[in-house]
Amino acid sequence: MATFGTLSDRLTETFRNLRTKGKLSAADVDGTVREIRRALLDADVALAVVKDFTAKVRERALGDEVNKALNPAQQVVQIVNEELVGILGGEQRRLEFAKTPPTVIMLAGLQGSGKTTFAGKLAKQLEKDGHTPLLVAADLQRPNAVNQLQVVAEQAGATVFAPEPGNGIGDPVKVSRDGVEHARRHQHDVVIIDTAGRLGVDAELMKQASDIRSAVQPDEVLFVIDAMIGQDAVNTATAFQQGVDFTGVVLSKLDGDARGGAALSVASVTGRPIIFASTGEGLDDLEPFYPDRMASRILDLGDILTLIEQAQQAFDEEEAKKVAEKFASDQFTLEDFLEQLQQMRKMGSMKKMLGMLPGMGQMKQQLDDFDEKEIDRTEAIIRSMTPGERRNPKVLNGSRRLRIAKGSGMTVTDVNQLVQRFDQAAKMMKTVARGGTPNIPGMGAMPGMGRPGASSKRGTKGGQNKNVSRAGNPAKRAAENAGLAAGPAAPSGSGFGLGEQKAPTEADLAEFQKLFGTG
């Protein structure tokens, strides 16, 4: 989510200054609201949206809900989060399908906004959900637009209806109408119509799009807008709404490095929900748009739910159970490790996944330095081993390691480090599988984890309480016993997930890289 990176940094810094204050005065609130206003304006969010947003935040921040809060700073962050969700559309909306197929989805937008690529991404996602989409090539103006759609459709494994060669030849309204009839005859339950765009809004573009809409009566009209377009995003969206009207918005190129805040204004200005977000060039880089999750990402609170959903799609449940059993029984091998790496690869970019963790916005440099190709190198080393060596790494003597290093194009040191990392990861996973607490260097103990079924009252035959320190140093023993008597520390934080939440340290990220062969 590079597009909102600068905005995220500014807002995070603003809230960091708040957390040092036990009670917020009116001056503190005004100063915070002023910084939020500047951050939003610098990110190209529309002025009208900024004024409305900051007015609501200020009113609520000066109200009783903050004055009576145990942690006023957290409460202000929660208010900003809730209001940010509001300008992003409030609740998530999915595509609405027709009761009688086919469902007709028309794409509109300026040239270069990413309509054709989005058509392929949407077709691939719909096929995964059991639909049979048909792509209709109705962009007959842009050079090679029809050919581009055919290439994208082939990559997505979708069918294309393209009776005209394009490049200025053919009637887009007739092609669109015939495409819907073709879908009915050939039992396609979804039709995606890729229409023409222009470099700017003009009367000809609007008339053509309006004529196509009248001819096919689409169930959904999706306005595809480039997240990097700047302040003109609002003007373009308003012009399309008045000329064609649309039922939903698609944000494309969210992986770009522009300020992109104008895209946040579209839902608020037009009153139309954002349905999809395109986060990369690959056909799998398409996410349903959740306003609450996007707000959390912008505020550097993470997006754990999306991360979990991606993991569920990539990992096979039965295979996961088998791997867990192997962990517990000391049967986990390098072959299994290789399979796990390949399944992680299905989830997409490791940087993108790490970026969804809370607080990772504060570790941009470490994320930028994260080398995705290390996974390829790890895979090359394992593939250079024989099946017997993968199943039993203990047989790897010096000559075998030299052969593996030459076969993978790596060094013997790289092979040695991989074997060491694998041993560490296997031991840690074995501990977790048996209900214990893994000891990860640099990350400390995991709170709340212990052996299942362990009683809080433990004793010995002689009635001695085992829950006491056995340290040899008297001073250390007394301090540890005092800590045990005080009981476990109460968990900090709130239901909102802020509390004393700490960002992962450099040591944490380094350890993560070691365990997964990426460091």
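Everything numeric here is computed off the predicted structure, so don't read it as measured data. (Residues numbered from 1 in each chain as written. Predicted model: local features only at pLDDT ≥ 70, side-chain atom pairs only at ≥ 80, totals over all residues. Heavy atoms only, no water.)

## A look at the overall build of the protein chain
Secondary structure assignment for the protein chain yields 23 helices and eight strands. Within the span of the protein chain, comprising 519 residues, buried residues form 45% of the whole. The contacts in the protein chain between residues at least 6 apart in sequence include a share of 73% that link residues at least 24 apart. Carbon and sulfur atoms make up 50% of the accessible area of the protein chain, which totals about 26,100 Å². (Helix = DSSP H or I, 4+ residues; strand = E, 2+ residues; numbered from the N terminus. Buried < 20%, exposed > 50% of the residue type's maximum accessible area, 1.4 Å probe, protein only. Contact = heavy atoms within 4.5 Å. Areas by Shrake-Rupley, 256 points an atom, 1.4 Å probe, with all protein chains shown as cover.)

## Focus on the packing of aromatic side chains
In the structure shown here, the tally under the stated rule is three aromatic pairs. Consider the rings of Phe-118 and Phe-276, whose centres lie 5.8 Å apart with planes at 55 degrees: the pair is tilted. Of this pair, Phe-118 sits in helix H6 (residues 115–128) while Phe-276 is found in strand S7 (residues 274–278), placing the two residues 158 residues apart along the sequence. Overall, the relative accessible area of 5% leaves Phe-276 in the buried class. Pairing Phe-223 with Phe-246 gives two aromatic rings, centres 5.0 Å apart and planes at 20 degrees, and the pair type is stacked. Of this pair, Phe-223 sits in strand S5 (residues 220–226) while Phe-246 sits in the loop between helix H10 (232–243) and strand S6 (248–252), and the two are 23 residues apart along the sequence. Through a chain of ring-to-ring contacts, the aromatic side chains of Phe-223, Phe-240 and Phe-246 assemble into a single cluster. (Phe/Tyr/Trp six-rings, centres within 6.5 Å; stacked < 30°, edge-to-face > 60°.)

## Considering the sheet that holds S5
The strand order S3-S2-S4-S1-S5-S6-S7-S8 describes an open sheet built from eight strands, whose pairing is mixed. Unpaired on one side and paired on the other, strand S3 (159–161) and strand S8 (286–288) mark the two borders of the sheet. Sheet twist, expressed as the average angle between the axes of neighbouring strands with direction ignored, equals 25 degrees. Running at roughly 180 degrees to strand S1 (residues 103–108), helix H9 (residues 203–216) makes contact with S1, strand S4 (190–194) and S5 of the sheet. (Pairing = 2+ DSSP bridges. Axes fitted to C-alpha atoms, helices over the stretch in contact; angles between N-to-C directions.)

## Comments concerning helix H18 (residues 373–383)
Buried within H18 are the following residues: Glu-374, Ile-375, Thr-378, Glu-379, Ile-381 and Ile-382. The buried residues of H18 occupy an angular sector of 160 degrees when projected down its axis, which confines them to one face. (Arc of directions from axis to C-beta.)

## Here we look at the packing of helix H2 (residues 26–42) against helix H3 (residues 47–61)
At a closest axis distance of 10 Å, the pairing of H2 and H3 adopts a crossing angle of 160 degrees. Overall, the two elements H2 and H3 adopt an arrangement that is roughly antiparallel. Note that H2 runs across H3; the crossing there is right-handed. Between H2, through Val-29, Asp-30, Val-33, Ile-36, Arg-37, Leu-40 and Leu-41, and H3, the contact on the second element is made entirely by Leu-47, Val-50, Phe-53, Thr-54, Val-57, Arg-58 and Ala-61. Looking at the contact of H2 with H3, its residues break down into ten nonpolar, one polar and three charged. (Parallel < 35°, antiparallel > 145°, perpendicular 65-115°, else oblique. Left-handed = near helix turned anticlockwise from the far one by under 90°. Nonpolar A, V, L, I, M, F, W, Y, C, P; charged D, E, K, R; others polar.)

## Quick word on the packing of H9 against H10
Taken N-terminus to C-terminus, the directions of H9 and H10 make an angle of 50 degrees; their axes are 10 Å apart at the nearest point. In this view, H9 runs oblique relative to H10, as classed from their interaxial angle. Note that H9 runs across H10; the crossing there is right-handed. Along its contact with H9, which presents Leu-205, Met-206 and Ser-210, the element H10 presents Ala-239, Phe-240 and Gly-243. Considered class by class, the residues forming the contact of H9 with H10 number four nonpolar, two polar and no charged.

## What about unusual backbone geometry?
Between Pro-101 and Pro-102 the backbone carries a cis peptide bond, its omega angle lying at 5 degrees. Of note, the phi angle at Asn-167 is positive, near 55 degrees, even though the residue is not glycine. Following the sequence through the fold, Asn-167 ends up in the loop between S3 and helix H8 (172–185). Residue classification places Asn-167 among the partly exposed positions, given a relative accessible area of 45%.

## Focus: the pattern of salt bridges
For the coordinates displayed, the defined rule picks out 19 salt bridges. When the shortest N-O distance is used, the salt bridge between Asp-139 and Arg-142 registers 3.5 Å. Given a relative accessible area of 21%, Arg-142 falls into the partly exposed group. The closest approach of N and O atoms between Lys-174 and Asp-178, which form a salt bridge, is 2.8 Å. Highlighted residues: Lys-174 and Asp-178, both in helix H8, separated by four residues, approximately one helical turn. Taking relative accessible area as the criterion, Lys-174 reaches 45% and is therefore assigned partly exposed. Judged by its relative accessible area of 27%, Asp-178 falls in the partly exposed class. (Salt bridge = Lys/Arg side-chain N within 4 Å of Asp/Glu carboxyl O.)

## A closer look at the side chain of His-182
Within the secondary structure layout, His-182 lies in helix H8. According to the relative accessible area criterion, His-182 is buried, its value standing at 17%. Apart from residues lying up to four places away in sequence, His-182 is in contact with Leu-134 and Phe-161.

## Some thoughts on the nonpolar core
Phe-118, Ile-192 and Phe-240 are the most contacted members of the largest nonpolar core, which has 92 residues in total. Sorting elements by how many residues they give to this core places helix H5 (residues 72–87) first, with eight residues. For Phe-118, the residues in contact, after removing those within four places along its chain, are Leu-107, Leu-222, Val-224, Val-250, Phe-276 and Leu-286. (Core = buried A, V, L, I, M, F, W, Y, C linked by side-chain atoms within 4.5 Å.)

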